[in-house]
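Here is what each chain is made of, one letter per residue.
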Amino acid sequence: MTACPGTSALPRGSRKPRNQEFQETIVTAEPNPAATAPILAAAGESAYAAATSSYNLAVEIRPLFAATATTVADVQAILREARAQNLSVRVHATGHAAGSALPYGADDVLIRVRLEGGVAVDPEARTAVIPAGTPWGEVLAASAPHGLVPLHGSSPTVGAVGYLLRTGLSFYGRRYGLASNSVTSITLVTADGAVVTVNHDHDRELFDALRGGGGGFGVVVSVTVSLFAIDSVFTGAAFWPAAEAPFLLQAWEEWAETAPPEASTAFRVMNLPPLPGIPPALTAGPVVCIDGAVLDGEGRSGAEIAADLLEPLRRRVAPILDTWHPGVPTDVPATHMDPPDPAPFVGDHQMLKPLGAAGRQALLSIAGTAAGAHLTIVELRQLGGALAVADPRGGIVNSLSGAYGSLSIGILAGPDALEGVEAGLAALRAVLEPWDTGLTAPSFVDRFDGPQRSFDASVAEQVEAVRRRVDPQGVFGRDASYAVPAGSRR
Ligand SMILES: Cc1cc2nc3c(=O)[nH]c(=O)nc-3n(C[C@H](O)[C@H](O)[C@H](O)COP(=O)(O)OP(=O)(O)OC[C@H]3O[C@@H](n4cnc5c(N)ncnc54)[C@H](O)[C@@H]3O)c2cc1C
């Protein structure tokens, strides 16, 4: 069994049934009454500001109290204090998904997790133990020297645990599947303060619910993931003027229909702001970007596979900028050019069926036009491949059935921007409605008040039953962010 960060002073490894239902859970440590809480900080205190800091500056995060946990004992102590005051407990790490969290209330305590200990890579077992709060960039930096790669997302600053609990769409996903399917073990502190480890053999029900079930089960303190041997990857981004979007989108979609799983790409229409680091050629007007990562496969190099897509496009229209190149895995997080610094933004997501000519026309009636001028990014992330294959060892969400995960974002550039962004998002949602699968990809959901549906009602009830079992008093009830019957929240 793996150690969890920050528990060195605690008894470890006892396999002790807590009650009949929990008999298969590994109880790593019982509640620790000696643990002292970091001060539960209130608004105005610097510890409160640190614990409520968020990547998405558009979301007001104003719980009653907030604290940063750097050890398991911190988590236990904060929980004990919150429960003593009959408060709800919320969890976040980086705030990348702040828009999808239920608004914070006057009886919420927010725990920001940044567990100490660092990423522990086992090159033989090809696994990494990731403390909660660790951004993907740190995980990749630890694994890459061993020629091993986790199924990280496009941004190196996204928290690995928050991404994995929401299934995670990687640029390696069409080859290796949902990132949450690569999780082999999760250690969490449950509402009663116990530290439990769940995996394929121990409390499989909770292990599955944690992977895509919508949160609200406890504070995850570490996750173990499988790593993949990848030493080269063809990656990059090519940009064209948005005037070429009809041709580019058609070519991309027709290629995507039969593309091999080694290729995971995104098609984006972008209205980029003139910020330092963004080439001026990309900010003169709306642009189309096709980016991603392509692995070797089927006896062909990643470059050859990518050429099937890119060469016809390049021949027809020269890109404004083209960074596709034979590279190494540590190049991949730069490909999507996600802003490293916090920004205020509002987003929306739909999981879409294949668009065809009518769907493409519908999308481009908003993206790249005046109607979508406030949308910084309208993205179609290519799904399919291994992402569409149910993994029997995967979590409660173990595959995605759509052709594309759309993710549209408007950065709020000024005080009046919200109205324009919301209008653009609503217009896009409306025109794409005929191609909406009605399902959502958990990690792409970006607003708490938007549709969130990862599974049907019977599975939702199954997940809710697990939630009731591990948290009968609903201490974490307000942290469950989607697919939760509304009545079950405190
Ligand atoms: C710029 C950007 C790029 C992105 N790229 C991708 C991508 O390529 N692929 C993809 O799939 N997604 C992507 N996402 C979405 C991202 O994966 C989700 O927003 C993810 O949930 C962020 O996790 P976090 O911990 O960083 O965020 P947070 O907002 O801190 O946490 C999100 C939620 O996760 C839960 N949570 C976090 N940590 C814990 C914990 N320790 N214990 C219990 N619950 C916890 C909480 O419910 C919390 O509300 C991107 C988002 C952004 C903003």
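The written sequence of each chain sets the order in which its residues are numbered from 1. Local features in this predicted model are restricted to residues of pLDDT 70 or higher, and side-chain atom pairs are both shown and tallied only at a pLDDT of 80 or more, whereas totals for entire chains, interfaces and linings draw on every residue. Only hydrogens and water are removed before side-chain values are computed, so all heavy atoms of the structure are retained for them.

(A) Representation of the pairing of strand β13 (residues 263–270). With respect to burial, β13 is a largely interior element, eight of its eight residues being buried. Direction of pairing for β13 relative to strand β14 (residues 287–294): antiparallel, over a ladder of eight bridges. Pairing of A266 across the sheet is with D291, part of β14. One requirement defines pairing of two strands: DSSP has to find at least two bridges between them. Numbered from the N terminus, helices here are DSSP runs of H or I no shorter than four residues, and strands are runs of E no shorter than two. Sheet analysis places β13 next to strand β18 (residues 377–382), joined by five bridges and oriented antiparallel. Within the sheet, the bridge partner assigned to A266 lies in β18 and is R381. Throughout, exposure labels follow a simple rule: accessible area from a 1.4 Å probe, protein chains only, divided by the maximum for the residue type, with under 20% read as buried, over 50% as exposed, and the rest as partly exposed.

(B) Quick peek at the pattern of salt bridges. A pairing counts as a salt bridge when a side-chain nitrogen of Lys or Arg comes within 4 Å of a carboxyl oxygen of Asp or Glu. Scanning the model with the defined rule gives 20 salt bridges in all. The salt bridge partner of D449 is R447, with a shortest N-O separation of 3.0 Å. A relative accessible area of 16% means that R447 is categorised as buried. With a closest N to O distance of 2.8 Å, E461 and R468 form a salt bridge. On the basis of relative accessible area, E461 is assigned to the partly exposed category, the value being 38%. Residues participating in the shared-partner salt-bridge network are R90, D108, R478 and D479.

(C) Region of the structure containing empty space enclosed by the protein. Grid spacing is 1 Å over the protein atoms alone, the probe is 1.4 Å, and a cavity is where that probe fits but cannot get out, while a pocket is an open set with protein on both sides within 12 Å along at least five of seven lines and lining residues have an atom within 4 Å of a point. Grid points are joined across faces, edges and corners, and a volume is the space filled by probe spheres set on the points. As enumerated under the stated definition, the model contains three cavities of 30 Å³ or more in all. The space that makes up the largest cavity amounts to roughly 40 Å³. Every residue along the wall of the largest cavity is listed here: L169, S170, F171, S264, T265, R381, Q382 and L387. Breaking the lining of the largest cavity down by element, the ones donating at least two residues are β13 and β18.

(D) Spotlight on the domain arrangement of the protein chain. Domain start and stop points were drawn from an automatic or database domain assignment. By domain assignment, the protein chain separates into domain 1 (120–229) and domain 2 (233–444). The C-alpha-based centres of domain 1 and domain 2 are spaced at 25 Å. A contact between two residues is defined here by any heavy atoms of the two lying within 4.5 Å. Listed by partner, the interface residues are 30 residues for domain 1 and 41 residues for domain 2. Buried area: the accessible area, evaluated with a 1.4 Å probe, that two parts lose upon being put together, summed over both parts. Counting each side, the surface lost to burial between domain 1 and domain 2 is near 3000 Å², with a carbon and sulfur contribution of 61%. In terms of surface lost to domain 2, no three residues of domain 1 exceed L169, F171 and R174, which account for 35% of the buried area on that side. Counting across the interface, domain 1 meets domain 2 through zero salt bridges. For the purposes of these results, a polar contact is taken to be a pair of N or O atoms within 3.5 Å, where, inside protein, one atom must be able to donate a hydrogen and its partner to accept one; residues adjacent in sequence count only when each atom of the pair is a side-chain atom. Where domain 1 packs against domain 2, one counts 19 residue pairs in polar contact (both at pLDDT 80 or more). Elements with a minimum of two residues in the side of domain 1 that touches domain 2: α5 (173–176) and α6 (204–210).

(E) Representation of the layout of surface pockets in the model. Taken as a whole, the second largest pocket spans an internal volume of roughly 250 Å³. Contributing to the lining of the second largest pocket are 14 residues, with A58, V59, F345, V346 and E422 lying nearest its centre. For the lining of the second largest pocket, the secondary-structure elements that each account for two or more residues are β17 (345–352) and α11 (417–432). Broken down by element, the residue count for the lining of the second largest pocket peaks at three residues, all from β17.

(F) Up close: the UniProt feature "domain: FAD-binding PCMH-type" (unreviewed entry) in the protein chain. As recorded in UniProt, the feature "domain: FAD-binding PCMH-type" (unreviewed entry) lies at residues 59–230. Along residues 59–230 the backbone is 22% helical and 28% strand, and the end-to-end C-alpha distance reaches 37 Å. UniProt positions are given in the numbering used here, feature names are shortened, and annotations may be inferred rather than shown by experiment.

(G) Inspection of the site of the ligand at higher detail. Any residue with at least one heavy atom within 4 Å of a molecule or strand is counted as near it. The full set close to the ligand counts 32 residues, and A93, T94, G159, L169 and S443 are the nearest of them. One of the backbone nitrogen or oxygen atoms of A97 is found 2.9 Å away from an oxygen atom of the ligand. Here an oxygen atom of the ligand and a backbone polar atom of S154 are 2.7 Å apart. Areas reported here follow the Shrake-Rupley algorithm with a probe of radius 1.4 Å; residue values treat only the protein chains shown as occluding. The fraction of the free accessible surface of the ligand (950 Å²) that becomes covered by protein chains is 94%. Where the shell around the ligand is concerned, the elements lending two or more residues are β3 (88–92), α4 (160–165) and β10 (219–226). Per element, the largest residue contribution to the shell around the ligand is four residues, and it comes from α4. Asp, Glu, Lys and Arg are counted as charged, while Ala, Val, Leu, Ile, Met, Phe, Trp, Tyr, Cys and Pro are counted as nonpolar; the rest, among them Gly, fall into the polar class. For the shell around the ligand, the per-class residue count stands at 16 nonpolar, 12 polar and four charged. When residues of the shell around the ligand are assigned to domains, at least three map to each of domain 1 (120–229) and domain 2 (233–444).

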